[in-house]
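Reading the structure
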Amino acid sequence: MAESKKPPTNASCKTPVTGPKFKVAEPHNLSSRAKWLRDYYFQGNDREWNNQYMVFSTGASWGERIWNEGDFYIVPDTYAFIGENTKGLYNMSIELMAKNVKLPEGFWKLSLPERRSTFFEEVMLNYIPQEIISTNDLIAGGQFNTQLSKCLNEKEYVQFEKENLRNRHAAFKYHKNGFGNLGATGGHLIADYKIIIEKGFKFVFRKAKKTYESLTEKEKNGSKGKELRAMMISAEIPRNLAKKYAEECRRLIKESNSKQRQDELEQMAQNLEIVPWEPAQTFWQGMQSLWLTHMLIMAEESYPGPGTSFGRLDQYLGELFEKDVIKEKNIDRDFAKDIFSSFVFHCNTAYDAQIKIGMQGITSGFGQLMTLSGLGPNGEDVTNDLTYMILEVFDEWAPILEPKPNVRLHKNSPDKLYEVILDMITRSQGAPFILNFDERSMAGLVLEGIPEDEVWDYGCVGCLENTMCGNDRSGTVNCNPNLAKSIELVLWGGKNMPGFKRPTKANRKLGPNTGDPEKFENWEEFFAAWKKQIEFMIKYTVEDYNRTELTRAKYMPTPYLSILVDDCIEKGVDIRAGPPKYAFMTIEGVGFATTVDSLLAIKHYVFDKKEYSFKQIKEALENDFKGKKEYEILRAKLANKAPKYGNNDDEADTLAKEVMDIWAQETWKYKTPTDYQFRPGMLSWNYWAGNDAFYTIATPNGRYAGTFLSNAICPTSGADTKGPTAVANSVGIALGGKEDNGSYINVLPNGASHTITFNPNILRNKEHKEKFKAYIKAYVENGGTALQINIIDSEMLIDAQQHPENYGNLLVRVTGYNAYFTSIGKELQDEIIARKSHKM
């Protein structure tokens, strides 16, 4: 492809007739190159180049499986397009788009992992064009959004389709009964980018080859041998692809009339002749190596972006940056920023995959996260010059969705870092990063078994989920039970509430029969019954999820990804079929505060004050608090007078901690059939405001049926009336608080999403900034694992709802991710508007 010379125009939204009533954050101080890249990206569908899905088939006569619907069971909005008993719209559309690939002789005699790696190699080298996107691009690697055949032979195909239909029915049933959602999903890990930058794929290839040669003949003919042969094929793909991109760079040199651009293209070609096969020798080579390695993960999984994260980029590229920019001055800092800007551009093109069909478009956060700053091996702060440069680029590009920076803070984080963070927050609406807190986060990872001398090197994936780097996969969004379902089950003895409109049978027996609550004599009996229901829910979640996990393990290997996660080569096992060094599967509790506040309301009004009976409460819930004045009065009391989590209230926080301990401890009882250990976390993504909320009955905290649940570990919207410090203290207590010696406790190793909204006036002068800095430092001491901040006025959001044409760039923090406010659904918009706006 010739480099694009089309002048950029911002076609992402119509030009408003009148300007916005409120000021919206805008990019600033961009270099001409960075501005071109950003403007070109936001042309969206009007771009002459797009990284949309490219679909490839084996052309098998017995049938073809290309799109993996299981990746999207955790997105209930897609169910209508998946279809319950048919192939569905997405599957059929993908098949119609497919291009047949000419298969090498003997292809169908190969094992499944070898077929997959061979097919992947053929597509990436000979079917997908190698393109340099523009005269401003400094990083090679354009098309990576694929939908690839799963390369199943006839027997495998028939068996897979049978299992897949069973899994689909189970996942749909789980969701439609109000339990939440689940499914074996791709992405959501940190590959070992550090080893590729420091040693290159040549090292990985030799490691796989040596391991294969050490096998017995029997092992070579078995699963280990098959997987390792596929790994060796995969390890050479990056080298061969880089050579093709180098050839394209040299072709473009002949077309260019600019000496500067010719020199850039020549250097890009030379970089590609070295990396990612050999170790990176310069910062530019390091960034190029990182991008090619990363984009191939997304291409192989046919899962662009979600949760495939970069880890501690400022650490493994920091030395190359210091050498090139600071010590030897081979390039200046502005050019290094331009290199990083090219990287930012490519990360955002993940959204091109679905931009035309509207499935995600540029409206949502895929979560290519990078982790910055934090503690080192000896408890020292490791913030470096690259940390600050990266934050500067994000600040200048904002608002932008990808990649997402996660800044690790701790007790000894430097004041300079706090100042940079505060300045960035001041200029943005939805904070352009997530703050992660080391002491609390590391305590949770030690709880799950990470050695104390390794835990400092953790990173975050997706939104905020804590994992280790290069040796861990923790399935951080695969299981998302709606904890509030337990309230319905305990009130109706394990059954669905009669009369509630769901696409399933009312009064259906689902959980254990824990008895008629009206016959419980005290709170302890009721709470014991609730505990049995939550135990059932976790077990049900595990059993349903494990079916999807086993199907994926058998039929969808990823040899390329597997060579990038420690212990897979040594074990000769695919990462989807067996555990790497650290292997967890996360159960993310949804609707925590809804559940806690409902229990608090029942305790307060039924048992403590004895003002209402269970019969009265159940009758009001069955009628959604509507139809009688007495229902409305009851709802008002439940919503406004009962104790609420999030206010540093001893009674509420004690129960919140007890609820957290019960469901979190229950997860540790189970493993997947692939030997991954289940663990607890709290990330609600969109579920609390979307379909999961829609299938949830009215709850005893005064919430109407079908309205949004509480978000992750946040208090119920509007219930946090005692200020932001009280909220932080409640969150810290719910996670475990501290030991008597002051050490941190964290019962959620995955971490917990806490989003909080502040009024813009809190940062109006230096004095208020200092107060806000003190608040963040206090959060390090007493708060949770992660904090997302919105600095925004609800009046602005209301105006944006009414006049979306004026607010195309308005970026808000939804939970662990940002989204453009005018592009998200009204349910999410309403939830964000309803959040309590705090003042200092």
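Scope of this entry: the structure provided in the associated data block. Small disclaimer: the values here were computed from a predicted structure and weren't measured.

1. Describing the overall build of the chain
Scanning the chain for helices and strands turns up 29 helices and 20 strands. The C-alpha radius of gyration of the chain comes to 26 Å, within 12% of the 28 Å expected for a compact globule of 840 residues. With the C-alpha coordinates aligned to their principal axes, the bounding extent of the chain is approximately 85 × 65 × 60 Å. A buried classification covers 65% of the 840 residues belonging to the chain. Partitioning the contacts of the chain with sequence separation of at least 6, the portion at a separation of at least 24 is 79%. Only carbon and sulfur atoms are counted for the fraction: they give 49% of the accessible area of the chain, which is about 29,300 Å².

2. Details of the packing of helix α21 (residues 592-608) against helix α24 (residues 650-667)
Between α21 and α24, the least distance of the axes is 10 Å, while the angle of their chain directions is 125°. When the axis of α21 is compared with that of α24, the two are oblique. Both α21 and α24 take part in a crossing whose hand is right-handed. Residue-level contacts link Phe592, Val596, Leu599, Leu600, Lys603 and Asp608 of α21 to Glu651, Ala652, Leu655, Ala656, Val659 and Met660 of α24. For the contact of α21 with α24, the residue count by class is 9 nonpolar, no polar and 3 charged.

3. Digging into helix α18 (residues 523-555)
Between its first and last C-alpha atoms α18 spans 49 Å; for 33 residues at 1.5 Å apiece the expected length is 48 Å, and the two agree. You can read the cap of α18 off the contacts: a side-chain oxygen lies 3.2 Å from the backbone nitrogen of Glu524, and it is on Asn522.

4. What about the layout of surface pockets?
Of the volumes computed, that of the second largest pocket is approximately 950 Å³. Taken together, 49 residues form the lining of the second largest pocket, with Asp192, Lys194, Glu198, Tyr316 and Asp457 sitting closest to its centre. The class makeup of the residues in the lining of the second largest pocket is 24 nonpolar, 7 polar and 18 charged.

5. Concerning the pattern of salt bridges
Considering all chains together, one arrives at 58 salt bridges under this definition. Between Glu213 and Lys209 there is a salt bridge, with the nearest N and O atoms lying 2.7 Å from each other. Highlighted residues: Glu213 and Lys209, both in helix α6 (residues 193-213), separated by 4 residues, approximately one helical turn. With a relative accessible area of 49%, Glu213 lands in the partly exposed category. As a salt-bridge pair, Asp608 and Lys603 come within 3.1 Å of each other at their nearest N and O atoms. Judged by its relative accessible area of 42%, Asp608 is partly exposed. In this structure, a network of salt bridges that share partners links the residues Arg33, Arg261, Glu264 and Asp338.

Reading guide: rules and limits
Residues numbered from 1 in each chain as written. Predicted model: local features only at pLDDT ≥ 70, side-chain atom pairs only at ≥ 80, totals over all residues. Heavy atoms only, no water. Helix = DSSP H or I, 4+ residues; strand = E, 2+ residues; numbered from the N terminus. Rg over C-alpha atoms; globule rule 2.2 N^0.38 Å. Buried < 20%, exposed > 50% of the residue type's maximum accessible area, 1.4 Å probe, protein only. Contact = heavy atoms within 4.5 Å. Areas by Shrake-Rupley, 256 points an atom, 1.4 Å probe, with all protein chains shown as cover. Axes fitted to C-alpha atoms, helices over the stretch in contact; angles between N-to-C directions. Parallel < 35°, antiparallel > 145°, perpendicular 65-115°, else oblique. Left-handed = near helix turned anticlockwise from the far one by under 90°. Nonpolar A, V, L, I, M, F, W, Y, C, P; charged D, E, K, R; others polar. Expected span 1.5 Å × (residues − 1). Polar contact = N/O pair within 3.5 Å; in protein donor to acceptor, adjacent residues only side chain to side chain. 1 Å grid on protein atoms, 1.4 Å probe; cavity = no way out; pocket = protein on both sides within 12 Å on 5 of 7 lines; lining within 4 Å. Points joined across faces, edges and corners; volume = space filled by probe spheres on them. Salt bridge = Lys/Arg side-chain N within 4 Å of Asp/Glu carboxyl O.

Everything listed here is a matter of coordinates, which is why it stays silent on function.
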